[in-house]
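Listed here are the chains, written in short residue letters.
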Amino acid sequence: MINFFNTYGFLIVSMLFGAVLGLSIYLPLMAGQLSLATPGFYALGGYIAAILSTQVFKFTGTIFPLHFLFLELLITAIISAILAVGLGIPVLRLRGIYLAISTIALVEILRVLALNLEITGGAVGIFGIPQPFATPLEYLWVAIPLLILSMVFLYRLEKIKAGRAFRAIREDELAADSMGVNPTHYKVLSFTLGAILAGLVGTISAHFLNTWNARQGTFDSSIIYLAFVLIGGSRTFWGPVFGGIILTALPEILRGMGEISGLSLWLAQFLREGRLIIFGVLLVLGSIFYPQGLITPELLNKITRKNPWRGLLKKQS
């Protein structure tokens with residue numbers, strides 16, 4: 001068992017990060033907003049951590065102090081929130097595909113800036129980002145609390161006024177507006193919360209990966225993170241968690257299948273390198289056969305009838 005965790009420690013932590021990134025996509029979707037800006041804020045958080053840890057914070061020893069990491073998380077949350085509010089007020093007046101295109105443009109703008117600014121290391125990026133933990137598996141000390149706190153926050157959010165307003169806007173924005181709900185206010189709030197969550201994951205990931213460059217926040221990443229939600233489920237926060245964990249592990253599973261002896265060369269290469277094609281096929285099939293994803297409120301209701309954890313899993317739609 002110890003050898004298993006040591007071997008797959010990097011993948012296990014990545015799966016938890018994938019779950020949190022799925023939640024960052026789910027938050028705008030709660031208010032009916034298809035935002036693909038998560039990779040941009042993810043990259044922003046990573047650059048903040050990389051710049052602060054390599055150029056600003058001074059420390060002795062080989063292990064990066066945890067209090068500096070927590071300070072980076074705080075700074076990332078503030079900057080992400082300010083940027084999200086500043087962009088969200090004009091952008092979130094758009095709807096549907098127009099909103100998706102505008103958020104993709106945001107991702108591309110941040111990527112081009114990262115490629116051309118000296119402080120971000122240009123196309124090469126920033127290397128030698130210090131590590132707060134000795135092994136990849138030890139990042140579970142921050143990955144698990146981050147995921148649990150995010151899930152608890154979303155669970156509580158869906159029970160209060162803001163969560164009910166999100167659902168009302170998602171179901172019918174005009175009707176919600178006529179009932180006194182301010183759509184712009186709540187859409188900006190959901191967008192900002194998702195941006196903060198993505199930025200926090202990026203901050204930790206920069207240390208986890210030990211290097212950061214413009215390839216960390218691209219349009220390809222937007223499709224992958226969107227798949228976490230659409231395949232896992234878009235009507236309950238359990239869906240993105242399930243989708244993020246499973247689909248983050250999927251490339252490694254496919255890569256392992258590609259090493260099976262006896263496979264034709266083209267099939268082995270496709271399994272190892274055709275991740276985006278497979279994700280695209282899953283999105284199409286999922287949209288047709290599972291329009292609400294694999295994890296739905298109805299499925300959770302069936303589970304709770306036989307499960308003592310009824311309060312946590314009960315219907316959220």
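Refer to the structure printed above.
Right, let's walk through the structure included here. Just so you know, these numbers come straight off a predicted model, no measurement behind them.

Right, let's talk about the side chain of Ser14 for a bit. Looking at the element boundaries, Ser14 is found in helix α1 (residues 2–30). Polar contacts involving the side chain of Ser14 include one to the main-chain carbonyl oxygen of Phe10, which spans 2.8 Å. Beyond its immediate chain neighbours, meaning those up to four positions away, Ser14 contacts Phe208 and Thr248.

Interaxial distance between helix α9 (residues 219–232) and helix α12 (residues 275–289) falls to 10 Å at its minimum, and their mutual angle equals 35 degrees. For the pair α9 and α12, the sense of crossing is left-handed. Between α9 and α12, the contacting residues are Asp220, Ile223, Ile224, Ala227, Phe228, Leu230 and Ile231 on the first element and Arg275, Leu276, Phe279, Leu282, Leu283 and Gly286 on the second. Among the residues making up the contact of α9 with α12, the classes are represented as 10 nonpolar, 1 polar and 2 charged.

Turning our attention to the pattern of salt bridges. Within the structure shown, the criterion is met by 4 salt bridges. Between Arg111 and Glu108 there is a salt bridge, with its nearest N and O atoms 2.9 Å apart. Here Arg111 pairs with Glu108, and both are found in helix α4 (residues 96–116), just 3 residues apart, close to one helical turn. Judged by relative accessible area, which is 25%, Arg111 ranks as partly exposed. Three or more residues joined by partner-sharing salt bridges are found here, namely Arg170, Glu171 and Arg235.

Rules behind the numbers
- Residues numbered from 1 in each chain as written.
- Predicted model: local features only at pLDDT ≥ 70, side-chain atom pairs only at ≥ 80, totals over all residues.
- Heavy atoms only, no water.
- Helix = DSSP H or I, 4+ residues; strand = E, 2+ residues; numbered from the N terminus.
- Polar contact = N/O pair within 3.5 Å; in protein donor to acceptor, adjacent residues only side chain to side chain.
- Contact = heavy atoms within 4.5 Å.
- Axes fitted to C-alpha atoms, helices over the stretch in contact; angles between N-to-C directions.
- Left-handed = near helix turned anticlockwise from the far one by under 90°.
- Nonpolar A, V, L, I, M, F, W, Y, C, P; charged D, E, K, R; others polar.
- Salt bridge = Lys/Arg side-chain N within 4 Å of Asp/Glu carboxyl O.
- Buried < 20%, exposed > 50% of the residue type's maximum accessible area, 1.4 Å probe, protein only.

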